[in-house]
Amino acid sequence: MFADKEAFKKEYLAQCEEAGADFAETGPHERYTVLVELLRERLGRSWAGANKSYTGPDNKQIYYFSLEFLIGKLLSYYLLNLGIRDLVREGLSDLGVDLDALCELETDAGLGNGGLGRLAACFLDSMAFLGIPGHGNGIRYRYGLFQQKIVDGFQVELPDNWLRHGYPWETRKPDKSVVVRFKGEVVTRWDDDGKMIFGRENCESVLAVPYDIPVISYGPDAQVNTLRLWSAEAVADDFDLASFNRGDYSKANRARSEAEAISYILYPEDSSEAGRELRLKQEYFFVAAGLASIVRRYRKFYGPNWQDFTTHVAVHINDTHPALCVPELMRIFLDEENLNWDDAWNITVNTISYTNHTVLPEALEKWPVEMFRTLLPRIYMIVQEIDRRHRLEVEIRFPGLPAEAVIQDGYLLMANLAVIGSHSVNGVARLHTEILRKSVLKGLHVIFPFKFSNKTNGVSHRRFLLEANPALAGLITKAIGNKWITDPGELTRLEERENDSAFLAELTEVKYQNKRRLADFIRAASGFTADPRSLFDIHVKRIHAYKRQLLNILKIMHLYNRLKNNPNMDLSPHTFLFAGKAAPGYYYAKQVIKLLNTVAEKINADSAVKGRIRIVFLENFSVSNAQIIYPAADVSEQISTAGKEASGTGNMKFMMNGALTLGTLDGANVEIRDAAGAANTFIFGLNASQVMDFYTKGGYSAWEIYHSQTQTKRVTDQLIDGTYYDEGADFRIIYDSLLRDNDEYFVLKDFAPYVEAARTLSRLFRDTGAWSRIALRNIARSGVFSSDRTIREYAEDVWRIPVPPAGES
């Protein structure tokens with residue numbers, strides 16, 4: 001890209017001049033923006049060339065629809081991928097600029113919430129690396145989910161104005177805009193051939209404007225794919241001057257405001273009718289815009305040759321949020337391209353594939369019929385017909401079998417729509433897929449067994465090991481060479497070093513330095529002091545009852561009780577770090593955060609503890625601070641109720657960075673145990689079958705456990721007996737969830753075995769050699785959890801496109 005350091009400096013200064021700035025007078029944000037714009041311009045030819053090459057007669061493009069893309073910060077990662085980070089660093093240093101400081105100025109893109117969005121970003125990364133023509137399709141949110149602040153121990157949500165300084169990675173493409181229509185009436189007429197033609201009148205129209213972000217692969221011949229994000233705008237300049245002149249300023253801008261609200265914020269609060277409607281609008285908005293763009297591009301290069309559509313196009317829907325791809329693609333083929341139903345349905349089903357991400361009934365989306373029909377009248381008609389034909393087919397093929405239809409009890413069930421309207425349905429871990437087949441989607445699996453498969457999640461090892469943990473990456477490369485960067489299966493060669501005491505000592509030192517880095521970060525962010533020599537026990541993920549942050553808190557309360565009973569107890573110092581956001585309307589989860597901070601305040605202030613237990617909640621968990629957290633972890637807390645977590649991806653990132661898993665047999669934890677070996681993971685508690693038996697057959701009594709286990713009873717009582725009293729807190733709701741509501745997520749059932757497993761880890765931590773050997777085994781066996789492996793499986797089994805063998809990308 002740049003011949004040498006001097007060439008880079010010359011182009012960078014020239015870019016400053018093109019931006020109308022004298023370098024000497026530019027500020028930090030201007031210098032950051034100039035660097036990004038220079039890189040983007042230099043990549044322009046590769047980007048355009050890739051897009052052009054993708055339209056060849058033998059090429060197939062993958063369009064990955066997701067409501068979230070948690071891409072994090074890009075500058076440092078892309079410089080690494082392009083192999084020019086050191087060159088740029090030295091060139092900027094000559095100019096008196098610190099590259100790391102510029103990278104810090106970049107904001108985390110507010111395009112996601114958690115695992116779903118981070119997975120989507122990893123998948124785009126691996127598609128580009130593997131040379132797959134794969135593009136993301138999502139929404140350009142004006143504001144992210146929210147900025148989390150902890151005030152008096154409570155979560156407070158502030159706007160995440162991530163676009164405050166602009167976003168230089170994006171390119172606005174107004175000429176590629178699409179008009180998306182809501183509401184109105186469906187009108188019909190007959191054409192000359194006696195075919196009914198459908199149209200729409202009196203619609204509310206919104207302009208979807210695309211913003212393209214480059215997805216830059218790793219390697220000397222960097223491939224550049226595209227993440228396309230849609231922003232909602234008014235179709236025309238709907239400024240009502242008459243209303244403005246009358247002083248009715250809100251009415252003057254009402255049309256514009258209502259249009260722009262669609263892409264204002266990720267996951268608007270849905271406790272109100274208006275909030276639920278806005279979510280449905282969001283989902284149709286990015287689906288309709290994305291599919292219109294795809295069909296328009298296909299027509300441009302291949303003409304109306306629709307029988308070959310599936311040869312050149314694959315649409316993958318990430319969870320049920322984009323499930324409207326099914327009826328919308330049907331609408332395009334039926335109403336705009338005049339195909340008959342059977343041909344349109346055959347193309348649609350063979351184009352679309354669906355990944356399910358949840359087994360929780362409340363997370364399986366459903367929409368009230370009346371709301372759906374009013375907002376999307378033509379789409380509703382098509383869903384009705386899909387539903388009618390599906391019921392008829394099931395009645396013929398499986399007499400007496402429930403149809404598992406789309407429309408049931410006044411609701412449209414989006415998971416059912418996604419399964420019926422796609423050719424492939426996959427879970428994201430072996431256990432999760434089995435639960436889908438045997439329970440959550442059992443009826444549909446009976447009808448369509450050939451559609452179901454498993455594709456265990458993966459994460460970008462280049463992002464979360466190579467970039468996030470340069471010291472460990474350097475140590476690995478010194479030991480086995482750098483082929484692991486392109487072929488993560490090579491990490492297994494590290495097992496040759498299991499008895500190399502000098503290598504294990506280096507591994508231990510790398511971990512210690514990463515813990516120091518995290519401790520420095522925590523001190524700067526919160527003033528909290530963490531001892532890097534202590535055991536770093538880390539629990540970072542979205543706050544939810546089934547993820548059981550409560551179980552971890554009760555364990556810490558129990559450990560504190562033991563120390564108070566025996567101040568001379570022999571205990572290695574522990575630092576417990578938590579991070580994660582609770583949904584704004586999720587009262588229980590927000591009280592769990594308050595409990596955690598109340599417990600932390602009491603224990604951290606107790607001089608009798610002598611620093612042996614320290615607790616910190618790190619606010620505003622994000623991709624960028626995760627890249628500091630994962631490398632520093634000694635223990636990875638993966639303690640969700642068995643059978644509830646679809647897969648998890650944090651568990652994989654921790655494993656890659658040498659953390660030891662303390663967890664249940666849930667999601668991908670099962671496969672982590674199988675990969676690393678049972679002796680190298682620390683598993684406890686009920687398994688998924690036992691949990692399901694309690695749900696279906698009964699027999700679980702939280703009261704019985706409460707009364708029979710003294711240590712369990714004590715920590716439960718401490719929730720309400722004033723031990724952790726804090727004015728304004730409501731820990732009674734947590735107490736009641738355990739006893740009055742019979743402990744839906746089996747916190748009390750798993751408490752004693754969890755405490756014992758944690759105690760085993762605590763004792764092991766004292767044996768540095770044994771600990772480092774287990775950490776090394778986890779790193780060595782983590783290559784199977786690279787998203788490169790996952791994407792190869794999707795490419796070969798679902799999208800049906802060729803990919804090069806590992807190590808040859």
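Above this text sits the structure in question.
Treat the numbers as computed from the prediction; the structure is a model and nothing was measured. (Residues numbered from 1 in each chain as written. Predicted model: local features only at pLDDT ≥ 70, side-chain atom pairs only at ≥ 80, totals over all residues. Heavy atoms only, no water.)

### Points about the environment of Arg740
Argument step 1. Here Arg740 is to be found in the loop between helix 31 (732-738) and helix 32 (747-764).
Argument step 2. Taking the C-alpha atoms as reference, Arg740 lies 64 Å from Gly303; in sequence the two are 437 residues apart.
Argument step 3. Side-chain polar atoms of Arg740 contact the side chain of Asp741, separated by 3.0 Å. (Helix = DSSP H or I, 4+ residues; strand = E, 2+ residues; numbered from the N terminus. Polar contact = N/O pair within 3.5 Å; in protein donor to acceptor, adjacent residues only side chain to side chain.)

### Remarks on the sheet that holds strand 13 (residues 366-368)
Argument step 1. The strand order 13-15-14 describes an open sheet built from 3 strands, whose pairing is antiparallel. Strand pairing shows two members of the sheet lacking a second neighbour, strand 13 and strand 14 (407-408), which therefore form its edges.
Argument step 2. Note that strand 13 and strand 15 (residues 411-413) share 3 bridges and pair antiparallel. Looking across to strand 15, one finds that Trp367 is bridged to Leu412. (Pairing = 2+ DSSP bridges.)

### Some words on helix 14 (residues 341-351)
Argument step 1. The complete set of buried residues in helix 14 reads Trp341, Ala344, Ile347, Thr348, Val349 and Thr351.
Argument step 2. Contacts from the buried residues of helix 14 go to helix 12 (309-312), strand 11 (313-318), helix 13 (325-336), strand 12 (352-355), helix 16 (377-397) and helix 17 (414-420).
Argument step 3. Structurally, the start of helix 14 carries an N-cap: the backbone nitrogen of Asp342 is 3.2 Å from a side-chain oxygen of Asn340. (Buried < 20%, exposed > 50% of the residue type's maximum accessible area, 1.4 Å probe, protein only. Contact = heavy atoms within 4.5 Å.)

### Focus: the environment of Glu404
Argument step 1. With respect to the helices, strands and loops of the structure, Glu404 is situated in the loop between helix 16 and strand 14.
Argument step 2. The spacing of Glu404 and Asn416 is 12 residues in sequence and 7.1 Å in space, taken between C-alpha atoms.
Argument step 3. When sequence neighbours within four positions are dropped, the list of residues in contact with Glu404 reads His390, Asn416, Ile420, Gly443 and Leu444.

### Things to note about the packing of aromatic side chains
Argument step 1. On inspection of all chains with the given rule, the structure shows 31 aromatic pairs.
Argument step 2. Centre to centre, the rings of Phe65 and Phe286 are 6.1 Å apart; their planes meet at 40°, and the pair counts as tilted. Here Phe286 lies in helix 11 (residues 273-302) and Phe65 lies in strand 1 (residues 61-65), a separation of 221 residues in the sequence.
Argument step 3. Consider the rings of Trp703 and Tyr706, whose centres lie 5.5 Å apart with planes at 90°: the pair is edge-to-face. You can see Trp703 and its partner Tyr706 sitting in helix 29 (residues 702-708), 3 residues apart, about one turn around the helix.
Argument step 4. Trp703 gets classed as partly exposed once you look at its relative accessible area, which sits at 41%.
Argument step 5. A network of ring pairs unites the aromatic residues Tyr298, Tyr302, Trp306, Phe309 and Phe333 as a single cluster.
Argument step 6. Just above the ring of Tyr143 sits the side chain of Arg142; from NZ or CZ to the centre is 4.9 Å.
Argument step 7. When the ring centre of Phe536 is taken as reference, the NZ or CZ atom of Lys515 above it lies at 5.0 Å. (Phe/Tyr/Trp six-rings, centres within 6.5 Å; stacked < 30°, edge-to-face > 60°. Lys NZ or Arg CZ within 6 Å of the ring centre and 35° of its normal.)

### As for the side chain of Glu233
Argument step 1. Among the structural elements, Glu233 can be located in strand 10 (residues 224-234).
Argument step 2. Here the side chain of Glu233 touches Arg172 through a polar contact of 2.7 Å, side chain to side chain.
Argument step 3. If near-sequence neighbours (up to four positions away) are discounted, Glu233 is found in contact with Arg172, Val206, Leu207, Val209, Tyr211, Ala259 and Glu260.

### As for the pairing of strand 20 (residues 613-617)
Argument step 1. With 4 of 5 residues buried, strand 20 lies mostly within the body of the structure.
Argument step 2. Summarising the sheet, strand 19 (residues 574-579) and strand 20 pair through 5 bridges and their orientation is parallel. The residue bridging His574 from the neighbouring strand is Ile613, located in strand 20.

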